[in-house]
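Summary of the model geometry
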Amino acid sequence: GAVVSQHPSWVICKSGTSVKIECRSLDFQATTMFWYRQFPKQSLMLMATSNEGSKATYEQGVEKDKFLINHASLTLSTLTVTSAHPEDSSFYICSARALLRGTRYEQYFGPGTRLTVT
Amino acid sequence: GENVEQHPSTLSVQEGDSAVIKCTYSDSASNYFPWYKQELGKGPQLIIDIRSNVGEKKDQRIAVTLNKTAKHFSLHITETQPEDSAVYFCAARLQGAQKLVFGQGTRLTINP
């Protein structure tokens, strides 16, 4: 399968500061990456879809000015949580779309980043 | 848009027994159905997927079946082992779309 990494795996920050999370596809090129948020014991909530070289498409209800997404290359996407508040504390997971078998797209997830805002 | 319902929300089985998790989807235009396993504190891991042109797919102890007419698909795990304990998510994707729509998840516990 394809490998997706995230950094950092966990981060604690103070309220009002910004935090950047990196997502990398290690052994494939990802034209499309996704960012999810997951609360305890809940399903994955899609925040945005980013295509390399273009602006991210945000899901309804997700503040684009608060959750800045940049997909600068085919192997790197970043999520920046700006002016973080305690309610932003969550598990953030990125995912990359991989074309591994001809025209068959599959989606692989990173290990997630636990964000705690104090 | 697409909606995916997953049942049961929790499932407990004895080690060695089989486990079945079921999902239904609403949009007949969906053509890709992956299953993910998520262990505590980790990201989801793709364990098996099926496309609408087949009715069943098997990989060792794991199998997925798809009934397009009824718009439901199921994950079957045979000879369950303690390491199968995790949360399992089904998902569906509309033909031509990029994003997956996830079910609510099933917490599977294998009792030794």
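Just above sits the structure.
One structure accompanies this document, and this report is about it. (Residues numbered from 1 in each chain as written. Chains lettered and ligands numbered in written order. Predicted model: local features only at pLDDT ≥ 70, side-chain atom pairs only at ≥ 80, totals over all residues. Heavy atoms only, no water.)

Remarks on the overall build of chain A
On a plain count of helices and strands, chain A comes out with zero helices and eleven strands. Taken from N to C terminus, the helices and strands of chain A fall in the order β-β-β-β-β-β-β-β-β-β-β. On C-alpha atoms alone, chain A measures out to a radius of gyration of 14 Å, which is about the 13 Å that the 2.2 N^0.38 rule sets for 118 residues. Principal-axis analysis of the C-alpha atoms places the extent of chain A at approximately 45 × 25 × 20 Å. Out of the 118 residues belonging to chain A, those deemed buried represent 50%. Excluding contacts between residues fewer than 6 apart, the proportion of contacts in chain A whose partners are at least 24 apart in sequence is 54%. Distance between charge centres in chain A, computed from 12 positive and 9 negative side chains, equals 3 Å. (Helix = DSSP H or I, 4+ residues; strand = E, 2+ residues; numbered from the N terminus. Rg over C-alpha atoms; globule rule 2.2 N^0.38 Å. Buried < 20%, exposed > 50% of the residue type's maximum accessible area, 1.4 Å probe, protein only. Contact = heavy atoms within 4.5 Å. Lys, Arg positive; Asp, Glu negative; His and termini not counted. Charge placed at Lys NZ, Arg CZ, Asp CG, Glu CD.)

Considering the side chain of Arg 93 of chain B
Inspection of the secondary structure assignment puts Arg 93 of chain B in strand S9 (residues 86-94). Buried Arg 93 of chain B, no salt bridge; nearest opposite-charge side chain is Asp 49 of chain B, N-O distance 7.7 Å. Apart from the residues within four sequence positions on either side, Arg 93 of chain B is in contact with Arg 97 and Tyr 105 of chain A together with Ser 30, Asn 31, Tyr 32, Arg 51, Gln 98, Lys 99 and Leu 100 of chain B. (Salt bridge = Lys/Arg side-chain N within 4 Å of Asp/Glu carboxyl O.)

Re the pattern of salt bridges
Tallied over the entire structure, the rule returns seven salt bridges over all chains. Notably, a salt bridge pairs Glu 22 of chain A with Arg 24 of chain A, separated by 3.4 Å at the nearest N-O pair. For Arg 61 of chain B, the salt bridge goes to Asp 84 of chain B, with nearest N and O atoms at 2.9 Å. Of this pair, Arg 61 of chain B sits in the loop between strand S6 (56-59) and strand S7 (62-67) while Asp 84 of chain B sits in the loop between strand S8 (72-77) and S9; the two residues are 23 residues apart in sequence, bridging distant segments of the chain. A network of salt bridges, in which partner residues are shared, links Lys 37, Glu 39 and Lys 42 of chain B.

Focus: the interface of chain B and chain A
Taken together, the 20 residues of chain B in the interface contact 23 residues of chain A. Interface area for chain B against chain A, summed over the two sides, is near 1700 Å², with a carbon-plus-sulfur share of 49%. Inspection of the chain B/chain A interface yields one salt bridge. Between Glu 59 of chain A and Lys 99 of chain B there is a salt bridge, and its shortest N-O distance comes to 2.9 Å. Inspection of the region where chain B meets chain A yields eight residue pairs in polar contact (both at pLDDT 80 or more). For the side of chain B that touches chain A, a count of residues per class yields eight nonpolar, six polar and six charged. (Buried area = accessible area lost by both parts, 1.4 Å probe. Polar contact = N/O pair within 3.5 Å; in protein donor to acceptor, adjacent residues only side chain to side chain. Nonpolar A, V, L, I, M, F, W, Y, C, P; charged D, E, K, R; others polar.)

Quick look at the sheet that holds S7 of chain B
Residues and elements named next belong to chain B. An order of S1-S3-S8-S7-S6 is seen for the five strands of this open sheet, with the pairing classed as antiparallel. Every interior strand has two partners, whereas the edge strands, strand S1 (4-7) and S6, have only one. Averaged over neighbouring strand pairs, the angle between their axes works out to 15° when direction is ignored. Bridge count between S6 and S7: four bridges; the pairing is antiparallel. Paired with Asp 59 across the two strands is Ile 62, which belongs to S7. (Pairing = 2+ DSSP bridges. Axes fitted to C-alpha atoms, helices over the stretch in contact; angles between N-to-C directions.)

Observations regarding the side chain of Glu 2 of chain B
All names here are of chain B. Positionally, Glu 2 belongs in the segment before S1. In this structure Glu 2 is buried but unpaired, with Lys 71 as the nearest side chain of opposite charge at 7.5 Å. Of the polar contacts made by the side chain of Glu 2, one reaches the backbone nitrogen of Ser 26; its length is 2.7 Å. In this structure Glu 2 touches Tyr 25, Ser 26, Asp 27, Ser 30, Ala 92, Leu 94 and Val 101, once residues within four positions along its chain are discounted.

Considerations on the sheet that holds strand S7 (residues 67-73) of chain A
Residues and elements named next belong to chain A. Spatial strand order, S1-S3-S8-S7: four strands in an open sheet with antiparallel pairing. One side of each edge strand has no neighbouring strand; the edge strands of this open sheet are strand S1 (4-7) and S7. Neighbouring strand axes in the sheet, compared pairwise and without regard to direction, differ in orientation by 15° on average. Pairing analysis gives six bridges linking strand S3 (residues 19-25) to strand S8 (residues 76-81), with the strands arranged antiparallel. Paired with Val 19 across the two strands is Val 81, which belongs to S8.

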